[in-house]
Amino acid sequence: MTDPAPELAQRKQELRDRLRFRRRHFAANLDPMARLAAFRALPAPLAERLAEEPLVGGYAPWGDEPDILPALAGIAARGSLALPHHAARDAAMAFRRCPEGAALVRGPWGSPQPGPDTESAIPSILFVPLVGFDRLGGRLGQGGGHYDRFLAAHPSLPRIGVGWSVQEVDALPVSALDAPLDAIWTEQEFILCGDRL
């Protein structure tokens, strides 16, 4: 999935490079106790919502992305957690159930994912990692369009962006291909964007 305007794609890539550097620097210099405490408990309104969801889509962190799996441990324990899965480098992203304690394997993009023998499933709500965000629900991803394609195929799926607070910008360059977020969860706050949550 590519943006129709080359200048927009270039602006996004330049911003992506700056925000990746900012995220990497922030995560590398984070106090160990602050890192341990970050994203360990779901925000109260979100915890109530997730208790009612039949299948929650999370993600296994890659690099310096926030690790939300400890906060989703109770969801995994009840068998209601799914994680992204790629069958090949050029394949569309799907989700597979991830039972409590299940071992993850290295996917074709290098990120941890459930094994190929796990059950495919469509989450009822989704956590989305990001490179950058704004308070209007704009999201800048890695650039491959995997989440945008998945969300375009499931437009009613509520989506919560997850990132460090330093990944916030005033406004992101967006196109019609970019799927907006319904909320953003950082180590400092939970931001609602719109009224779907």
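Summarised in this report is the structure supplied together with it. (Residues numbered from 1 in each chain as written. Predicted model: local features only at pLDDT ≥ 70, side-chain atom pairs only at ≥ 80, totals over all residues. Heavy atoms only, no water.)

1. Notes on the overall build of the chain
Check the secondary structure of the chain and you find 5 helices and 11 strands. For the chain, whose C-alpha radius of gyration is 16 Å, the value lies close to the compact-globule estimate of 16 Å for 197 residues. With the C-alpha coordinates aligned to their principal axes, the bounding extent of the chain is approximately 45 × 40 × 35 Å. Across the chain, the fraction of contacts at a sequence separation of at least 24, relative to all contacts at a separation of at least 6, is 67%. (Helix = DSSP H or I, 4+ residues; strand = E, 2+ residues; numbered from the N terminus. Rg over C-alpha atoms; globule rule 2.2 N^0.38 Å. Contact = heavy atoms within 4.5 Å.)

2. Quick notes on the sheet that holds strand β11 (residues 190–192)
Across the sheet, which stays open at both edges, the 7 strands sit in the order β3-β2-β1-β6-β9-β10-β11 with mixed pairing between neighbours. Here the strands that pair on one side only, and so sit at the sheet edges, are β3 (94–97) and β11. Relative to strand β2 (residues 81–85), strand β1 (residues 56–57) runs parallel, the two sharing 2 bridges. Residue Gly57 lies in a different strand from β2, and its bridge partner there is Ala82. Across the sheet, helix α5 (residues 146–153) lies against β2, β3, β6 (125–129) and β9 (159–162), angled at about 160° from β6, the strand it touches most. (Pairing = 2+ DSSP bridges. Axes fitted to C-alpha atoms, helices over the stretch in contact; angles between N-to-C directions.)

3. A few points about α5
For α5, the full list of buried residues reads His146, Tyr147, Asp148, Phe150 and Leu151. Its buried side turned inward, α5 meets β2, β3, β6, β8 (139–140) and β9. (Buried < 20%, exposed > 50% of the residue type's maximum accessible area, 1.4 Å probe, protein only.)

4. So, unusual backbone geometry
The phi angle at Phe39 is positive, at roughly 60°, despite the residue not being glycine. Within the fold, Phe39 resides in the loop between α2 (32–37) and α3 (44–50). Judged by relative accessible area, Phe39 falls into the buried class, the value being 4%.

5. Considerations on helix α1 (residues 6–28)
With 23 residues, α1 extends 33 Å between its outermost C-alpha atoms, agreeing within 8% with the 33 Å of an ideal straight helix rising 1.5 Å per residue. What α1 keeps buried is the set Leu8, Lys12, Leu15, Arg16, Leu19, Arg23, Phe26 and Ala27. Residues of α1 that are buried in the fold lie against α2, β7 (132–133) and β8. (Expected span 1.5 Å × (residues − 1).)

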